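Here's the letter readout for the chains.
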Amino acid sequence: MEEAATIRAVAIDKTGTLTTGQLRLARVQILAHASEQWTTDQVLALAAGVHEFSEHPLAQATLRAARAQQIRPLSATDFHSVPGRGVRATVAGSEVQIGNSRYIENADAGALQAVDQLEQSGHTAVLLKHGSDILAVLAYADTLRPTAAAAVRQLRQLGVERVIMLTGDNEHVARSIAQQTGVDEYHAGLLPTDKMRTLQQLKRQYVKVAMVGDGVNDAPALAASSLGIAMGGAGTDVALETADVVLMADDLLNLPYVIALGRSARRTLLVNLGFALAMIAAMVASIFSLDLKLPYAVVGHEGGSVLVVLNGLRLLGFRPKPATGSAPSSNK
Ligand code: ADP
Ligand code: MG
């Protein structure tokens, strides 16, 4: 609570934190050279097989899409995940990789162009590689949390000097979400260690910096922050264990609430301490100068304690501010 009271900057993860993390697999685009041997259903079965082992929001979206189209995931073994980059597993003897171009290196121009096009239309796009062949680009769309913009606005009203969005996702999506939520600044294409380093930089500038996140990729930054805050519902175990505060019900408006409550508690504490010390000083002075009688001194001392307790109890009535204004409700 004390840390929450003194926060001057807040860093927020994008996927799963500012957005719902309930992504939708919007498109499976088979690359030209593979379009004769592979159908979208086959590629989806392949992708779902690998993604069955991943807890990433992208993977959950692949599985939902497969389920909706009644496609059974192929069985995969030897699963590996590299946070911020991608995943791989073996399916029917071939290695299958799904991830961004940092993970699937030396992608050809055609594949990169397809990724670029889908990213420009606001999608999170990843490549799917089968053996040594890049087969397809999977494009996902995310939805902004309805309270994201209001939460950012309330943080600023509370006097938080800077709100920064950190994401491993691409620049196009990052810019669009940053504009819709009204954050002061955003950093895209970050690996988990980059998020941590950005946080350390922010701490040098603002001293007290909170980090809000949900994923494995946020854990280093959560640990490096002055106050780590995890999303309770969407959060992965690592994020929950690293965080100092967990926002239940995934309500982003609880974020300004935590900070406001922290400030209010700290203010009450300081007022109470000041008041109690002043009472004691006044009584000591009265005993020597006005010859204050013992019963009055006792009443003054205990009466002061009662007032301090009553003032502290006022915090029970502390209520979060309702969201004001209308927030943009969705994003491609
Ligand atoms: P964010 O910071 O927005 O929460 P992450 O750091 O988790 O995002 O992921 C960054 C990028 O890494 C994703 O946009 C995607 O390109 C790639 N990636 C991470 N995990 C996976 C996965 N399980 N499958 C495919 N791509 C992944
Ligand atoms: Mg995330």
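Procedures and definitions
Residues numbered from 1 in each chain as written. Chains lettered and ligands numbered in written order. Predicted model: local features only at pLDDT ≥ 70, side-chain atom pairs only at ≥ 80, totals over all residues. Heavy atoms only, no water. Pairing = 2+ DSSP bridges. Helix = DSSP H or I, 4+ residues; strand = E, 2+ residues; numbered from the N terminus. Axes fitted to C-alpha atoms, helices over the stretch in contact; angles between N-to-C directions. Patch = residues over 30% accessible without salt bridge, like charges linked within 9 Å, V, L, I, M, F, W, Y side chains within 5 Å. Areas by Shrake-Rupley, 256 points an atom, 1.4 Å probe, with all protein chains shown as cover. Salt bridge = Lys/Arg side-chain N within 4 Å of Asp/Glu carboxyl O. Buried < 20%, exposed > 50% of the residue type's maximum accessible area, 1.4 Å probe, protein only. Near = heavy atom within 4 Å. Polar contact = N/O pair within 3.5 Å; in protein donor to acceptor, adjacent residues only side chain to side chain. Nonpolar A, V, L, I, M, F, W, Y, C, P; charged D, E, K, R; others polar. Domains from an automatic or database assignment. Contact = heavy atoms within 4.5 Å. Parallel < 35°, antiparallel > 145°, perpendicular 65-115°, else oblique. Left-handed = near helix turned anticlockwise from the far one by under 90°.

**Brief notes about the sheet that holds strand 7 (residues 133-141)**
Item 1. Taken together, six strands build an open sheet; the order of strands is 2-7-6-5-4-3 and the sheet is antiparallel. Either end of the sheet is taken by a strand with one partner, and the two such strands are strand 2 (24-30) and strand 3 (76-82). The mean angle between the axes of side-by-side strands here comes to 20°, regardless of whether they run parallel or antiparallel.
Item 2. Looking at chain direction, strand 5 (residues 94-99) and strand 6 (residues 124-130) are connected through four bridges and run antiparallel.

**Quick look at a nonpolar patch on the surface**
Item 1. On the surface, F275, V306, L307, V309, L310, L313 and L316 cluster together to form a nonpolar patch covering roughly 650 Å² of accessible area.
Item 2. Tracing the sequence through the fold places L313 in helix 12 (residues 294-313).

**Let's talk about the environment of S101**
Item 1. By secondary structure assignment, the location of S101 is in the loop between strand 5 and helix 5 (109-120).
Item 2. Judged by relative accessible area, which is 44%, S101 ranks as partly exposed.
Item 3. Residues S101 and E3, 98 residues apart in the sequence, show an inter-C-alpha distance of 39 Å.

**Points about the pairing of strand 5**
Item 1. Sheet analysis places strand 4 (residues 86-91) next to strand 5, joined by six bridges and oriented antiparallel. Bridged to T90 within strand 5 is E95.
Item 2. Linkage of strand 4 to strand 5, two consecutive antiparallel strands, is achieved through a turn of two residues, within which A92 is found at a positive phi near 45°.

**Some remarks on the site of ligand 1**
Item 1. T15, H56, G168, K195 and N217 are the nearest of the 20 residues found near ligand 1.
Item 2. Measuring from an oxygen atom of ligand 1, one finds a backbone N or O atom of G168 at 2.7 Å.
Item 3. Between an oxygen atom of ligand 1 and a side-chain N or O atom of K195, the distance comes to 2.7 Å.
Item 4. Here ligand 1 loses 96% of its free accessible area of 560 Å² to cover by the protein chains.
Item 5. If you list the elements that add at least two residues to the shell around ligand 1, you get strand 4, strand 5 and strand 6.
Item 6. Taken together, the residues of the shell around ligand 1 sort by class into four nonpolar, twelve polar and four charged.

**Points about the domain arrangement of the protein**
Item 1. When its domains are assigned, the protein resolves into domain 1 (1-17 + 145-332) and domain 2 (24-141).
Item 2. The centre of domain 1, based on its C-alpha atoms, is set 38 Å off from the matching centre of domain 2.
Item 3. Listed as interface residues are 13 residues of domain 1 and, on the opposing side, 14 residues of domain 2.
Item 4. For the pair domain 1 and domain 2, the number of links is zero salt bridges.
Item 5. Joining domain 1 to domain 2, the criterion identifies four residue pairs in polar contact (both at pLDDT 80 or more).
Item 6. Of the residues in the side of domain 1 that touches domain 2, the class split is five nonpolar, six polar and two charged.

**A few points about the pattern of salt bridges**
Item 1. Overall, the coordinates contain twelve salt bridges when judged by the stated rule.
Item 2. The closest approach of N and O atoms between K208 and E3, which form a salt bridge, is 3.0 Å. Of this pair, K208 sits in the loop between helix 8 (192-206) and strand 10 (209-213) while E3 sits in helix 1 (residues 2-5), placing them 205 residues apart in sequence.
Item 3. A salt bridge links K14 to D169; the shortest N-O distance between them is 3.1 Å. On the criterion of sequence distance, the pair formed by K14 in helix 2 (residues 14-18) and D169 in the loop between strand 8 (162-166) and helix 7 (171-181) is long-range, its members being 155 residues apart.
Item 4. When its relative accessible area of 1% is taken as the criterion, K14 is described as buried.

**Some points on the packing of helix 6 (residues 148-157) against helix 11 (residues 254-289)**
How two helices sit against one another is set out by the angle between their axes and by the gap between those axes.
Item 1. With their axes 8 Å apart at the nearest point, helix 6 and helix 11 run at an angle of 20° to one another. Taken together, the axes of helix 6 and helix 11 are roughly parallel relative to one another. Here helix 6 runs over helix 11; the crossing is left-handed. Across the interface between the two elements, A151, Q154 and L155 of helix 6 pack against L255, P256 and I259 of helix 11.
Item 2. Classifying every residue of the contact of helix 6 with helix 11 gives five nonpolar, one polar and no charged.

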